[in-house]
Amino acid sequence: LALALVGGAFADAPVANVNVAEFSGDATVTWGVDLDTNKTGFKNDTSATFKVNIADGGSAATEGDGVWGEIEIKVGDALVVKEGVLDGGKSKVEKALLHLGPVYMGILADGTEVGAYDAPEAIKQFHKTAEVGEKKTEGVVFGYDADLFNVAVDFRSVEKYNDDYAIRAKLGLKPVDGLEANVGFSYAFESEAKGLGANVSYALPVGDFTLTPGLGYSTNLLDDDKGILAIGLLFGFNAGDTGDDAVGLPYFDDDAYFKKKGVSGVSVSTSLDLDEEDMKIPLTLGLYTGDIVENLTAAFVLNSTDVSNFGDNFEVAAALKYAAAVGDGTITPRAGVYVVNDASLEATVGAEFAGFVDNTTFDAVWKSGNLKAEPDAKMGTFNVSCKIAL
């Protein structure tokens, strides 16, 4: 097996190509006032990034037929120096398989838990099924892939020598375009821990949009474990939206409450803990417009941990921004509110001014604290900033 994996002929290997891929940086000065204490002050921030390309990014993989070893390696395309720290240019083994005719044996670390499933949602990730079973990472997987289905059986242990093994079996079905169903079972020999997980989803094209219902279930198969059920329905606007990028909206960005991890669209979702005697029914409604309306971005989420007691168990956030061309520049006002039950209300209003001065962006923003705080509302902060960027 070792000879097969290292002895194959490589194709499309990365090629050395040394150049400066990126040289960027910015500096920001912010002056602000705490509206609750009337105290003021400055803050300075800088960031510098230098990327050196050492090889054109790509991958290398072996080729063969019959009984042969397949390995695929992906290579990063640049070394990054950011604030004096070197990173990037990493390579990773994506695939390592011993092909035995129509079946294969994989030799990369994985795991034996099953059941993790994210319900289709437009904002963040509220509802999912948990991984169940016992996790063993070291070992092998035997599998078979076809157009309509795939099957894989893992035999794994913990890393050290202690006779602690587990087995996992998974079956995936793709009978028609857009429809996927998966079921998996896991069993640990020493602890006898078990896990069962299943899910199904269907991405139905509706004109330029996509309607995606999905359902997932996981359980440890214990007498007192009925499991977790997650359900979602997403009407998606942009199939290419991965949900990883910052959206520039109050309460929906990296430093806020609902960092976006869904895709653009409208969704409704829930996850039920079937073990609860007095079952609570959570519910989430979400909206993220993406770029479906030119220059306008909006987001909304309503989340309740128990709709039967909605007044004491809800949170709502809404925000929008609009990029308006003004002469040679762009003014982007933004606003947002965040409400928790009847006890908390926060608001943010701001505007960014870009393009009026070369390489320079100005920003002004008011961000409140809890405006319903007792005995006095928290007025928060007001900040103005100037950012110069290369």
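Quick word on the packing of aromatic side chains
Thinking step 1. Considering all chains together, one arrives at nine aromatic pairs under this definition.
Thinking step 2. With a centroid separation of 5.5 Å and an interplanar angle of 85 degrees, the aromatic rings of Tyr 187 and Phe 189 are classed as edge-to-face.
Thinking step 3. The exposure class of Phe 189 is partly exposed, given its relative accessible area of 43%.
Thinking step 4. A connected cluster of aromatic rings, assembled from ring pairs, spans Phe 155, Tyr 165, Tyr 187 and Phe 189.
Thinking step 5. Sitting over the ring of Phe 126, Lys 124 keeps its end group 5.5 Å from the ring centre.

Observations regarding the pattern of salt bridges
Thinking step 1. Within the structure shown, the criterion is met by seven salt bridges.
Thinking step 2. We note a salt bridge from Arg 168 to Asp 110, for which the minimum N-O separation is 3.0 Å. Highlighted residues: Arg 168 in strand S14 (residues 165-173) and Asp 110 in the loop between strand S9 (103-106) and strand S10 (117-118), separated in sequence by 58 residues.
Thinking step 3. Asp 110 sits in the partly exposed class, given a relative accessible area of 41%.
Thinking step 4. For the salt bridge of Lys 136 with Asp 164, the shortest nitrogen-to-oxygen distance reads 2.8 Å. Taken together, the positions of Lys 136 in the loop between strand S11 (128-129) and strand S12 (138-145) and Asp 164 in the loop between strand S13 (149-157) and S14 put the pair 28 residues apart, joining distant regions of the chain. Taken as a pair, Lys 136 and Asp 164 share a single burial class, namely buried.

Describing the environment of Gly 195
Thinking step 1. Residue position: Gly 195 is located in strand S16 (residues 194-202).
Thinking step 2. Placed 64 residues apart in sequence, Gly 195 and Glu 131 show a C-alpha to C-alpha distance of 8.1 Å.
Thinking step 3. Not counting the four nearest positions on each side in its chain, Gly 195 is found in contact with Val 114, Val 132, Gly 133, Gly 184, Phe 185, Ser 186, Thr 219, Asn 220 and Leu 221.

Description of a negative patch on the surface
Thinking step 1. Together, Asp 223, Asp 224, Asp 273, Asp 275, Glu 276, Glu 277 and Asp 278 make up a region of like negative charge exposed at the surface.
Thinking step 2. The residue Asp 278 is located in the loop between strand S20 (265-273) and strand S21 (283-288) in this model.
Thinking step 3. Relative accessible area serves as the criterion here: at 66%, Asp 278 is assigned to the exposed category.

What about unusual backbone geometry?
Trans peptide bonds make up most of the peptide bonds, and negative phi angles are found at most residues other than glycine.
Thinking step 1. In the segment running from Glu 374 into Pro 375, the intervening peptide bond is cis, with an omega of 5 degrees.
Thinking step 2. Mapping Pro 375 onto the fold places it in the loop between strand S27 (360-367) and strand S28 (381-389).
Thinking step 3. Of note, Tyr 251 is a non-glycine position whose phi angle comes to about 75 degrees, a positive value.
Thinking step 4. Residue Tyr 251 is classed as buried on the basis of its relative accessible area of 3%.

Some points on a nonpolar patch on the surface
Thinking step 1. Together, Val 67, Leu 100, Val 103, Tyr 144, Leu 148, Phe 149, Val 151, Val 153, Leu 171, Leu 173 and Val 183 line one region of the surface with nonpolar side chains, adding up to about 830 Å² of accessible area.
Thinking step 2. Elements supplying a minimum of two residues to the nonpolar patch: S13 and S14.
Thinking step 3. Tallying contributions element by element places S13 first for the nonpolar patch, with three residues.
Thinking step 4. You can see Leu 148 is positioned in the loop between S12 and S13.
Thinking step 5. Residue classification places Leu 148 among the exposed residues on the basis of a relative accessible area of 52%.

A few points about the nonpolar core
Thinking step 1. One finds Ile 123, Leu 249, Phe 252, Phe 258, Ala 299, Val 301 and Ala 317 to be the most contacted residues of the largest nonpolar core, which totals 13 residues.
Thinking step 2. Of all elements in the fold, only strand S22 (296-304) and strand S23 (315-322) reach the threshold of two or more residues within this core.

So, the side chain of Arg 334
Thinking step 1. Relative to the assigned elements, Arg 334 resides in strand S25 (residues 329-340).
Thinking step 2. Within the structure, the side chain of Arg 334 is placed 3.0 Å from the side chain of Asp 363, a separation counted as a polar contact.

Rules behind the numbers
- Residues numbered from 1 in each chain as written.
- Predicted model: local features only at pLDDT ≥ 70, side-chain atom pairs only at ≥ 80, totals over all residues.
- Heavy atoms only, no water.
- Phe/Tyr/Trp six-rings, centres within 6.5 Å; stacked < 30°, edge-to-face > 60°.
- Buried < 20%, exposed > 50% of the residue type's maximum accessible area, 1.4 Å probe, protein only.
- Lys NZ or Arg CZ within 6 Å of the ring centre and 35° of its normal.
- Salt bridge = Lys/Arg side-chain N within 4 Å of Asp/Glu carboxyl O.
- Helix = DSSP H or I, 4+ residues; strand = E, 2+ residues; numbered from the N terminus.
- Contact = heavy atoms within 4.5 Å.
- Patch = residues over 30% accessible without salt bridge, like charges linked within 9 Å, V, L, I, M, F, W, Y side chains within 5 Å.
- Areas by Shrake-Rupley, 256 points an atom, 1.4 Å probe, with all protein chains shown as cover.
- Lys, Arg positive; Asp, Glu negative; His and termini not counted.
- Charge placed at Lys NZ, Arg CZ, Asp CG, Glu CD.
- Core = buried A, V, L, I, M, F, W, Y, C linked by side-chain atoms within 4.5 Å.
- Polar contact = N/O pair within 3.5 Å; in protein donor to acceptor, adjacent residues only side chain to side chain.

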